[in-house]
Amino acid sequence: MFSPETKKSKKHIPMETNTQQNIIAHGTKIVGDITSQGPFRIDGTVDGNVKTSGKVVVGKSGYVKGTLQGENADFEGKFSGKLILSGTLSLKSTAHIEGEVHTGKLAVEPGATFNATCSMKGTVKALSNEPIKPKQTQTTQRPERQA
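All of these numbers come straight from a predicted model, not from anything done at the bench.

So, how was this worked out
- Residues numbered from 1 in each chain as written.
- Predicted model: local features only at pLDDT ≥ 70, side-chain atom pairs only at ≥ 80, totals over all residues.
- Heavy atoms only, no water.
- Core = buried A, V, L, I, M, F, W, Y, C linked by side-chain atoms within 4.5 Å.
- Buried < 20%, exposed > 50% of the residue type's maximum accessible area, 1.4 Å probe, protein only.
- Helix = DSSP H or I, 4+ residues; strand = E, 2+ residues; numbered from the N terminus.
- Contact = heavy atoms within 4.5 Å.
- Salt bridge = Lys/Arg side-chain N within 4 Å of Asp/Glu carboxyl O.

## Things to note about the nonpolar core
Reasoning step 1: Ranked by internal contacts, the top residues of the largest apolar core, which has 21 residues, are I42, L68, F75, L83 and L89.
Reasoning step 2: Broken down by secondary-structure element, the contributors of at least two residues to this core are strand 4 (40-42), strand 7 (55-58), strand 8 (63-70), strand 9 (72-75), strand 10 (78-85), strand 11 (88-91) and strand 12 (96-103).
Reasoning step 3: Ranked by the residues each element gives to this core, the list is headed by strand 10, at three residues.
Reasoning step 4: Dropping the residues within four chain positions of it, L89 is found in contact with A73, F75, L83, V101, T103, K105, L106, A107 and F114.

Structure, rendered in structure tokens:
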């Protein structure tokens, strides 16, 4: 019954959360912090912090109040708090965002409400304090004729 052979025959298969989507359905309210490796679809209410390495989609009836950290996010619903994304934030026309946003890229459809302080990171080129020098034009001088 407890022989070593039966223990060896069972294999431990880790669950892959990167391919499975976490869903918070319409009418569901979660108060507290959520951490996951997989993507999220939020159609309910989350009052707390959400942290994921995947994509977050907030539907029209979705509302997140707190801090959201992730890679990419698509918003049709509401958000209030601090939003930290390493990739792209896409706001659909029904989105309503308030608070502080840190993202790599921002895409906003007409009609979306975006009342936030926003900082974008990525390929930002630093400006130098040196004045711009006008380009010098080269002129060729003719040798003077000697008489």
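## Digging into the pattern of salt bridges
Reasoning step 1: On inspection of all chains with the given rule, the structure shows two salt bridges.
Reasoning step 2: Between D43 and R41 there is a salt bridge; the shortest N-O distance is 3.1 Å.

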